[in-house]
Amino acid sequence: MGLPVSNGHSRAAAAVVETSSESEDEEVEQRSESITDLSLEYLQIKKLVKYLKAGDQTATVLTLCAMLNLNLMKETYQLAIWDLKGLEVLLNLLDTKEERCHIGSLKILRQISQNVLIRRAIVDMDGLRSLVRILDSLVMDTKAFAAETIANVAKVQRARRNILQLGHLCVYGWVFICGLTLNLSADQEKSVEVARCAALALWSCSKSTKIKVAISKAGGIPLLARLLKSSNENMLIPVVGNLQEFASVKSCRIAIQTEGIMEDLVKNLSRNNDELQMYCANAIFKCAEDEKTQELVLKHSGLQPLVSLLSKSDNKELLAAATGAIWKCSISRKNVDKFQEYDTLSTLVGLLSEQPEEVLVNVVGALGEFARIPTNKVTIRKCGGIKYLINLLTETNKELLFNVTKAVGACATDKESMAIIDQHDGVRLVWSLLKNPCPNVQSSAAWALCPCIEHAKDAGEKVRSVVGGLELIGNLLKSTNKEVHTSICAAIARISKDMENLALLTDYGVVPLLAKLTNTTDNRLRHHLAEAIEHCCLYGSNRASFGDAGAVAHLVGYLKSKDQAVHRSTVNALFQLSTDVNNCIIMQSEGAVKPLIKAIGSEDEMLQEAAAGCVRNIRLMVKAYMEERILK
């Protein structure tokens, strides 16, 4: 009896190419020639598909063997199988009870499914359901080939959505397969291959955040941790590939930390396999957002292997992963101290030119962290890093610009570095980034301007020399982004120390804009906003204007904050505002006197003086006001 070619499933092969764009899918080239051209390859496939459809059991197996003898990686064969409805037949063979047909069909499917058109066609034909179901087979080869085919198909975003709908049939099945192989002896090559293919399938699916969470809940991460103990590099690559995908989810990062995975990732950094090293470094890169991971990398001596990978500058993917891991690990001051033992900083500066953006983003990010230490700022300058950083201010990549401005701002606190920034027009370039449409770039540029203004020679004149610069500062107070507000307030506090610049800011309407921002509970914004108001009070009638705009009442409310920085800046601002009688009346009515008297008992002498001066002004002003009213 012949084998069935239909199992009742609707396997319509139409509409294979989707119109919607999928970021994970490869671009499908427009082909000028029709795949139905009667080429030799096409005729061969036509004959074999005919036998597959009509042959008996033995003929079907022989036909599958004949098809496997062809170079199925050749696109002509792949598209011919699809065009002649051979793909439908291959999928239907998975629903028979003949194991030889399963294996033959899967061997073909795992090869041709590397073509994006075939992947999409399998999804359209609901082929994933059959592929998932056959994972229950007792034959190890069948499990391996099915998992490897799914690994290819799941690179299509729509396939991952289907897998998520299949639920435990898929996710729990693959986790079970991974776990099953751990109970078999390590010398059983087939069991290792099944685990590798299952890990490949999980890897493709782990592009989906929802599937990552499902795999984690199914116990996937502990099983991957056990597979990570393997000495088989072909096994380790998909395992680590999974882990570096999971590391983008916080709950999974915690599991990676608690399962002791970081030690094995560090260990595998020293293997002589660029691909494995790249995935290990990338996993560390993503995990090292967390302080615990930074500590674990240091504990397991992972910093030196990361630095050694910088020598492989020809492998850009590996270099990007290594520099990313170094960047995130350098958030820890202890790690920076350790990195200095390996001459890391000068090596990083050497990577500031002729590198792809993904490498530059990480290198500059690391330099920004290193530059928090004064001696490292000197090293960056002596290695010629300042000029390279300034050149990068003209780039367009938002992440790169964010990191570059942060690094330039950190270096600007060094007097000689600031001179180089001045010499190469760095302040103007940083200021120009305030026009960037990205709020993150705007805020980072504003933060960088603060030390530049504080440490630049003739800072007041330099600020005025930036055409439209002060007007731009004022306009950014209208932003809807809180971090932009905070950074711009910090910049205004520096700019307004120059009276001429303060007069210009006032003309651009900064006072009512600052007053409008005072109705906030964000302590960082409160701190820098109060600083800006304090300095703006020193010009003309700005004190009275702040009172008229309702800023004083809100500032009094800041005195309830437990943040010491907010207290200090608020008291200083109130002291400046208290030279206006109306402001003093508002302060008294809002209950400012009691917390101000408490602040007089602070150990901070400057805070004591400002609080005492403010209380004195309130008492004198209110007294004079009351006396004047009595006389009237």
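Residues numbered from 1 in each chain as written. Predicted model: local features only at pLDDT ≥ 70, side-chain atom pairs only at ≥ 80, totals over all residues. Heavy atoms only, no water.

Enquirer: Which residues make up the overall build of the protein chain, and what values go with them?
Expert: The number of helices and strands found in the protein chain is 41 helices and zero strands. Residues counted as buried form 55% of the 632 residues belonging to the protein chain. A separation threshold of at least 6 residues defines the contact pool for the protein chain, and within that pool the share at least 24 residues apart is 73%. Entry remark: accessible area of the protein chain is about 28,500 Å², with carbon and sulfur atoms responsible for 50%. (Helix = DSSP H or I, 4+ residues; strand = E, 2+ residues; numbered from the N terminus. Buried < 20%, exposed > 50% of the residue type's maximum accessible area, 1.4 Å probe, protein only. Contact = heavy atoms within 4.5 Å. Areas by Shrake-Rupley, 256 points an atom, 1.4 Å probe, with all protein chains shown as cover.)

Enquirer: Any details on a negative patch on the surface? Residues and values, ideally.
Expert: Together, Glu275, Glu317, Glu357, Glu358 and Glu395 give the surface a local cluster of negative charge. Position of glutamate 317 among the secondary structure elements: in helix 20 (residues 316–329). Judged by relative accessible area, glutamate 317 falls into the exposed class, the value being 56%. (Patch = residues over 30% accessible without salt bridge, like charges linked within 9 Å, V, L, I, M, F, W, Y side chains within 5 Å. Salt bridge = Lys/Arg side-chain N within 4 Å of Asp/Glu carboxyl O. Lys, Arg positive; Asp, Glu negative; His and termini not counted. Charge placed at Lys NZ, Arg CZ, Asp CG, Glu CD.)

Enquirer: Explain the packing of helix 37 (residues 551–558) against helix 39 (residues 581–589) residue by residue, including any values.
Expert: The geometry of helix 37 relative to helix 39 is characterised by a closest axis approach of 9 Å and an angle of 45 degrees between their N-to-C directions. Comparing the axis directions of helix 37 and helix 39 gives the class oblique. Note on packing geometry: the crossing formed by helix 37 with helix 39 is right-handed. Residue-level contacts link Val552, Ala553 and Val556 of helix 37 to Asn583, Ile586 and Met587 of helix 39. The class makeup of the residues in the contact of helix 37 with helix 39 is five nonpolar, one polar and no charged. (Axes fitted to C-alpha atoms, helices over the stretch in contact; angles between N-to-C directions. Parallel < 35°, antiparallel > 145°, perpendicular 65-115°, else oblique. Left-handed = near helix turned anticlockwise from the far one by under 90°. Nonpolar A, V, L, I, M, F, W, Y, C, P; charged D, E, K, R; others polar.)

Enquirer: Talk me through the environment of aspartate 522; I want residue IDs and the actual numbers.
Expert: Tracing the chain through its elements places aspartate 522 in the loop between helix 34 (510–517) and helix 35 (523–536). For aspartate 522, a relative accessible area of 24% translates into the label partly exposed. Here the side chain of aspartate 522 touches arginine 524 through a polar contact of 3.2 Å, landing on its backbone nitrogen. (Polar contact = N/O pair within 3.5 Å; in protein donor to acceptor, adjacent residues only side chain to side chain.)

Enquirer: Break down the state of the cysteines for me, with residues and values.
Expert: The final tally for this structure, using the stated rule, is zero disulfides. Cysteine 411 carries a free sulfur, and the closest cysteine sulfur to it, the one in cysteine 452, is 9.9 Å from it. (Disulfide = S-S within 2.5 Å.)

Enquirer: A description of the UniProt feature "repeat: ARM" (unreviewed entry) in the protein chain should follow, citing residues and the corresponding values.
Expert: With numbering aligned to this structure, UniProt lists the feature "repeat: ARM" (unreviewed entry) at residues 301–326. Helix and strand shares over residues 301–326 are 65% and 0% respectively, and the end C-alpha atoms of the span are 13 Å apart. (UniProt positions renumbered as here; feature names shortened; annotations may be inferred.)

Enquirer: Kindly report on the packing of aromatic side chains, identifying the contributing residues and their values.
Expert: Taken as a whole and assessed by the stated rule, the structure comprises three aromatic pairs. With a centroid separation of 5.0 Å and 90 degrees between ring planes, the pair formed by tryptophan 203 and tyrosine 279 is classed as edge-to-face. Placement of tryptophan 203 in helix 11 (residues 189–205) and of tyrosine 279 in helix 17 (residues 274–287) is noted, with a sequence separation of 76 residues between them. For the pair tryptophan 203 and tyrosine 279, one class covers both residues: buried. (Phe/Tyr/Trp six-rings, centres within 6.5 Å; stacked < 30°, edge-to-face > 60°.)

Enquirer: How would you summarise unusual backbone geometry if you had to cite specific residues and measurements?
Expert: Despite not being glycine, aspartate 126 has its phi angle at roughly 60 degrees, a positive value. On the basis of relative accessible area, aspartate 126 is assigned to the partly exposed category, the value being 28%. For serine 301, which is not glycine, the phi dihedral falls at a positive 60 degrees. Examined against the element boundaries, serine 301 turns out to sit in the loop between helix 18 (291–299) and helix 19 (303–308). Among the residues examined, serine 301 registers a relative accessible area of 54% and is labelled exposed.

Enquirer: Give a detailed account of the nonpolar core, specifying residues and quantitative values.
Expert: If you look at the biggest cluster of nonpolar residues, it comprises 213 residues, and the most contacted ones within it are Leu87, Leu265, Trp431, Leu434, Ile492, Leu514 and Phe546. Excluding anything up to four places from it in sequence, leucine 514 contacts Leu477, Cys489, Ile492, Leu529, Ala532, Ile533, Cys536 and Phe546. (Core = buried A, V, L, I, M, F, W, Y, C linked by side-chain atoms within 4.5 Å.)

Enquirer: Please provide a residue-by-residue account of a nonpolar patch on the surface, values included.
Expert: On the surface, a cluster of nonpolar side chains totalling about 250 Å² of accessible area is made up of Met499, Leu538 and Tyr539. Locating leucine 538 in the fold gives a position in the loop between helix 35 and helix 36 (542–548). A relative accessible area of 41% means that leucine 538 is categorised as partly exposed.

Enquirer: Tell me what's going on with the environment of glycine 86, and back it up with residues and numbers.
Expert: For glycine 86, the position within the fold is in helix 4 (residues 86–93). Overall, the relative accessible area of 1% leaves glycine 86 in the buried class. Between the C-alpha atoms of glycine 86 and lysine 46, which are 40 residues apart in sequence, the distance is 8.5 Å.

Enquirer: Kindly report on the packing of helix 17 against helix 20, identifying the contributing residues and their values.
Expert: For the pair helix 17 and helix 20, the least separation of the axes is 8 Å and the interaxial angle reads 30 degrees. The angle between helix 17 and helix 20 places the two elements in the roughly parallel class. Once helix 17 is placed against helix 20, the crossing between them reads as left-handed. Contacts between helix 17 and helix 20 involve Asp274, Gln277, Met278, Ala281, Asn282, Ile284 and Phe285 from the first element and Glu317, Leu318, Ala321, Ala322, Gly324, Ala325, Trp327, Lys328 and Cys329 from the second.

Enquirer: Outline the pattern of salt bridges, supporting the account with residue identities and numerical values.
Expert: All chains considered together, the criterion is met by 28 salt bridges. Residue aspartate 414 pairs with arginine 381 through a salt bridge whose shortest N-O separation is 3.1 Å. Taken together, the residues aspartate 414 in the loop between helix 26 (398–411) and helix 27 (415–423) and arginine 381 in helix 24 (residues 374–382) connect sequence positions 33 residues apart. A salt bridge links arginine 494 to glutamate 454; the nearest nitrogen and oxygen atoms lie 3.4 Å apart. Residue arginine 494 is located in helix 32 (residues 482–495), and its partner glutamate 454 is located in helix 29 (residues 439–455); the two are separated by 40 residues in the primary sequence. Among the ionic contacts, a cluster of salt bridges with common partners joins Glu461, Arg464, Asp498 and Glu500.

Enquirer: Quick rundown of the side chain of glutamine 257? Include the residues and the values.
Expert: Of note, glutamine 257 is situated in helix 15 (residues 250–258). A polar contact is formed between the side chain of glutamine 257 and the side chain of threonine 293, at a distance of 3.0 Å. With sequence-adjacent residues up to four places away left out, glutamine 257 is seen in contact with Asp290, Lys292, Thr293 and Leu296.

Enquirer: Describe in detail the confidence of the model for the protein chain, supporting the description with residues and values.
Expert: When pLDDT is averaged across the protein chain, the result is 86; 89% of the residues are at 70 or more. Across residues 1–37, where pLDDT falls below 50, the model places 73 contacts with residues more than four positions away in sequence or in other chains. In this model, residues 182–187 is a region of pLDDT below 50 whose contacts with residues beyond four sequence positions or in other chains number eight contacts. (pLDDT = per-residue confidence, 0-100.)

Enquirer: Outline helix 24, supporting the account with residue identities and numerical values.
Expert: Inspection of helix 24 places Asn376, Lys377, Ile380 and Arg381 among the buried residues, and these make up the whole buried set. Considered in projection along helix 24, the buried side chains sweep an arc of 145 degrees and stay on one side of the axis. Along helix 24, exposed side chains directed more than 90 degrees from the buried face belong to Thr375 and Lys382. The inward-facing, buried residues of helix 24 contact helix 21 (333–339), helix 22 (344–349), helix 23 (357–370), helix 25 (385–391), helix 26 and helix 27. Immediately beyond the C-terminal end of helix 24, within one or two residues, lies glycine 384, with a positive phi of roughly 80 degrees. (Arc of directions from axis to C-beta.)

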